[in-house]
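Geometric and topological summary
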2 protein chains.
Amino acid sequence: MKIAHTDSEYERELTRLRNELLSMAGRVEKMIRESVQALVERDDALARATIDSDREVDLQEVEIDKLCLRILARRQPVASDLRVLMTAIRMVTDLERMGDLAVNVCERALELNREPPLKQYIDIPRMAELAQGMVRETLDAFVAGDAEAAQRVIARDEEVDALYAQVFRELLTFMMEDTGTVFRATRLQSIAKYLERLGDHATNLGEMVVFLVKGEDIRHSS
Amino acid sequence: MKIAHTDSEYERELTRLRNELLSMAGRVEKMIRESVQALVERDDALARATIDSDREVDLQEVEIDKLCLRILARRQPVASDLRVLMTAIRMVTDLERMGDLAVNVCERALELNREPPLKQYIDIPRMAELAQGMVRETLDAFVAGDAEAAQRVIARDEEVDALYAQVFRELLTFMMEDTGTVFRATRLQSIAKYLERLGDHATNLGEMVVFLVKGEDIRHSS
């Protein structure tokens, strides 16, 4: 996201937009990490704190949208600045939804914490780690204007999908062998699904960075 | 979406944008209806045709985004036209995702069609009908510029959520009583979840119509 304008107030607005986006993404990244930490460590307080922090993400979505609209109305940006604004408008939608998904993970974790542990979690924390890394690296790519880095992040979504399929099958086996596991296993399946969706949203962000840098729409191209 | 411009080419562009959006929404509405029809009637061919039609929705997303970007770049719209464009950019994202969810319903329906029927579907078709109606009425509200109608649609999402909770619990009972139902019941839980998400996306569309008409951001206000 290169900025080179003679009008310094305009420049400040675009810088503010970038900082707001990065701050929102950082918050969402933290929510993903802590939601799964709350699950693994059976930490209700952390789950609740993470749920509460989504309020800030929601407020940031509204703020960033307002900022974009104001810049569009007052500055009538063209070409690359216009792409920055289109990207920002789309990115906040995905980031806000990612916050919701982290909240969903916490809600299921709170339910699971009231039950005895079903199994040791290995693949689920791995999925969360991958999704969280995808968000961070996409945002790094956004700051650096690096389309190749963004595309590398997108490629890693396959790993998340493969882990999801594995977790889903494993939990199905649990349920088929012992009906006493059904409640917990379906909760864990939901959590795995939320993490899989987080990977998809990170992929969307990556595609937006490619669009931003190269002006090329790579969605639905595979 | 009122249009009153002296520049007739600009007017034609905005009319084209509106028609493209309505056509995309109509296609998504049809996909929702037919995905659940494919489930209820155990119709594999219909499920596959619906999956295929998502390609068109994806292409429309890219086309509408391009059109918005072109209008923004060439026309430098202000105030209400700018809101129309912001709304269009956001709407296509939700509509595209809704197409994906209808595809997911079809994928689970294809899996279920290979198994003996588990139960008669009552609540799931009702959920689909509600979600589909929400899309249609939101788009009517969009065309009419009717914020009150949009808000009535938003209120109906509670009904979809209540049905989801009911279906989820019922299927949990099935699994706890008979492990032989686990595979099918988890598929049906997924379908119910997709329909619940479709209701959420329809709610998003409704909030966008309110924003468009009143210039007021009602997200996260409850």
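Just so it is clear, the model here is predicted, and its values are computed rather than measured.

Thoughts on the pattern of salt bridges
Between side chains of opposite charge, pairing is possible as soon as their charged atoms come close. Going through the model one piece at a time under the given rule, you end up with 42 salt bridges over all chains. With its nearest N and O atoms 3.4 Å apart, the salt bridge here joins Glu9(B) to Arg75(B). Residue Glu9(B) is located in helix 1 (residues 8-40), and its partner Arg75(B) is located in helix 2 (residues 44-75); the two are separated by 66 residues in the primary sequence. Exposure remark for Glu9(B): the relative accessible area of 36% places this residue in the partly exposed category. Taking relative accessible area as the criterion, Arg75(B) reaches 19% and is therefore assigned buried. Here Glu159(B) ties to Arg126(B) by a salt bridge, and the two come within 3.3 Å at their closest N and O atoms. With Glu159(B) in helix 6 (residues 157-177) and Arg126(B) in helix 4 (residues 123-144), the pair connects residues that are 33 residues apart, well separated along the chain. Arg126(B) gets classed as partly exposed once you look at its relative accessible area, which sits at 34%. Linked through salt bridges whose partners overlap, the residues forming this network are Glu61(A), Asp65(A), Arg90(B), Asp217(B) and Arg219(B).

Thoughts on the environment of Val84(A)
All names here are of chain A. Position of Val84 relative to the elements: it lies in helix 3 (residues 79-113). A relative accessible area of 8% places Val84 in the buried class. Between the C-alpha atom of Val84 and that of Leu14, which follows or precedes it by 70 residues, the distance is 8.8 Å.

Points about the environment of Met24(B)
All names here are of chain B. Along the chain, Met24 falls in helix 1. Placed 40 residues apart in sequence, Met24 and Ile64 show a C-alpha to C-alpha distance of 9.4 Å. Setting aside residues no more than four positions away along its own chain, Met24 makes contact with Val57, Gln60, Glu61, Ile64, Val92, Leu95 and Glu96.

Regarding the interface of chain B and chain A
Facing the 31 residues of chain B at the interface are 31 residues of chain A. Between chain B and chain A, roughly 3,300 Å² of surface is buried when both sides are summed, and carbon and sulfur atoms account for 64% of that area. Of all residues in chain B, Leu69(B), Met86(B) and His220(B) give up the largest surface area on contact with chain A, accounting jointly for 18% of the area buried on that side. Viewed at the interface, chain A and chain B are joined by six salt bridges. Between chain B and chain A we count nine residue pairs in polar contact (both at pLDDT 80 or more) in total. The set of elements that each furnish at least two residues to the side of chain B that touches chain A consists of helix 2, helix 3 (79-113), helix 6 and helix 7 (182-214) of chain B. Top element by residues in the side of chain B that touches chain A is helix 2 of chain B. It accounts for eight residues. Here the side of chain B that touches chain A is composed, by residue class, of 15 nonpolar, five polar and 11 charged.

Re the relation of the copies chain B and chain A
At an RMSD of 0.0 Å, chain B and chain A line up after a rotation of 180° and a shift of 0.0 Å along the axis. The operation mapping one copy onto its partner corresponds to a two-fold rotation axis. Nearest to the rotation axis, the C-alpha of Gln76(B) is located 2.7 Å from it, this being the minimum over chain B. A share of 100% of the interface residues of chain B reappears at the interface of chain A, consistent with the copies meeting face to face through the same patch.

Things to note about the packing of aromatic side chains
Under the criterion given, the structure shown has two aromatic pairs over all chains. Centre to centre, the rings of Tyr164(A) and Phe168(A) are 5.9 Å apart; their planes meet at 55°, and the pair counts as tilted. With Tyr164(A) and Phe168(A) both in helix 6 (residues 157-177), this residue pair falls four residues apart, about one helical turn. Like Tyr164(A), the residue Phe168(A) is buried in the burial classification. Here Arg90(B) stacks its cationic end above the ring of Phe211(B), 5.0 Å away from the centre of that ring.

Points about the packing of helix 7 (residues 182-214) of chain A against helix 6 of chain B
With their axes 10 Å apart at the nearest point, helix 7 of chain A and helix 6 of chain B run at an angle of 130° to one another. By the criterion of interaxial angle, the relationship of helix 7 of chain A to helix 6 of chain B is oblique. Remark: the crossing between helix 7 of chain A and helix 6 of chain B carries right-handed chirality. Contacts between helix 7 of chain A and helix 6 of chain B involve Val182(A), Phe183(A), Thr186(A) and Arg187(A) from the former and Phe168(B), Leu172(B), Met175(B) and Met176(B) from the latter.

Focus: helix 1 of chain B
Given a rise of 1.5 Å per residue, 33 residues ought to cover 48 Å, and the 48 Å separating the end C-alpha atoms of helix 1 of chain B matches this to within 8%. Looking one or two places after helix 1 of chain B, you find Arg42(B), whose phi comes out positive at around 50°.

Observations regarding unusual backbone geometry
Positive phi values are uncommon outside glycine, yet Gln76(A) reaches one of about 40°. Within the element layout of this structure, Gln76(A) appears in the loop between helix 2 (44-75) and helix 3. With a phi close to 50°, Arg42(B) is a non-glycine residue in the positive phi region. By the element assignment, Arg42(B) lies in the loop between helix 1 and helix 2. By relative accessible area, which is 31% here, Arg42(B) ends up partly exposed.

Things to note about the side chain of Arg184(A)
All names here are of chain A. Along the chain, Arg184 turns up in helix 7. The side chain of Arg184 is buried and forms no salt bridge, while Glu115, the nearest opposite charge, is found at 4.5 Å. Here Gly180 takes part through its backbone oxygen, which lies 3.2 Å from a polar atom of the side chain of Arg184. If we skip the residues at most four places from it in the chain, Arg184 touches Leu112, Glu115, Pro116, Pro117 and Leu118.

A look at the environment of Thr186(B)
Checked against the element boundaries, Thr186(B) lands in helix 7. The residues contacting Thr186(B), other than those within four sequence positions of it, are Phe168(A), Leu172(A), Met175(A), Gln189(A) and Met175(B).

Describing the packing of helix 4 of chain B against helix 7 of chain B
Residue and element names in this part refer to chain B. Packing of helix 4 against helix 7 brings their axes to within 9 Å, and their N-to-C directions diverge by 15°. As summarised for this structure, helix 4 and helix 7 are arranged roughly parallel, according to the angle between their axes. For the pair helix 4 and helix 7, the crossing hand works out as left-handed. Looking at the contact of helix 4 with helix 7, its residues break down into 18 nonpolar, four polar and one charged.

Calculation criteria
Residues numbered from 1 in each chain as written. Chains lettered and ligands numbered in written order. Predicted model: local features only at pLDDT ≥ 70, side-chain atom pairs only at ≥ 80, totals over all residues. Heavy atoms only, no water. Salt bridge = Lys/Arg side-chain N within 4 Å of Asp/Glu carboxyl O. Helix = DSSP H or I, 4+ residues; strand = E, 2+ residues; numbered from the N terminus. Buried < 20%, exposed > 50% of the residue type's maximum accessible area, 1.4 Å probe, protein only. Contact = heavy atoms within 4.5 Å. Buried area = accessible area lost by both parts, 1.4 Å probe. Polar contact = N/O pair within 3.5 Å; in protein donor to acceptor, adjacent residues only side chain to side chain. Nonpolar A, V, L, I, M, F, W, Y, C, P; charged D, E, K, R; others polar. Least-squares fit on C-alpha atoms with pLDDT ≥ 70 in both. Phe/Tyr/Trp six-rings, centres within 6.5 Å; stacked < 30°, edge-to-face > 60°. Lys NZ or Arg CZ within 6 Å of the ring centre and 35° of its normal. Axes fitted to C-alpha atoms, helices over the stretch in contact; angles between N-to-C directions. Parallel < 35°, antiparallel > 145°, perpendicular 65-115°, else oblique. Left-handed = near helix turned anticlockwise from the far one by under 90°. Expected span 1.5 Å × (residues − 1). Lys, Arg positive; Asp, Glu negative; His and termini not counted.

Note that all results are geometric; they support no functional claim without further evidence.
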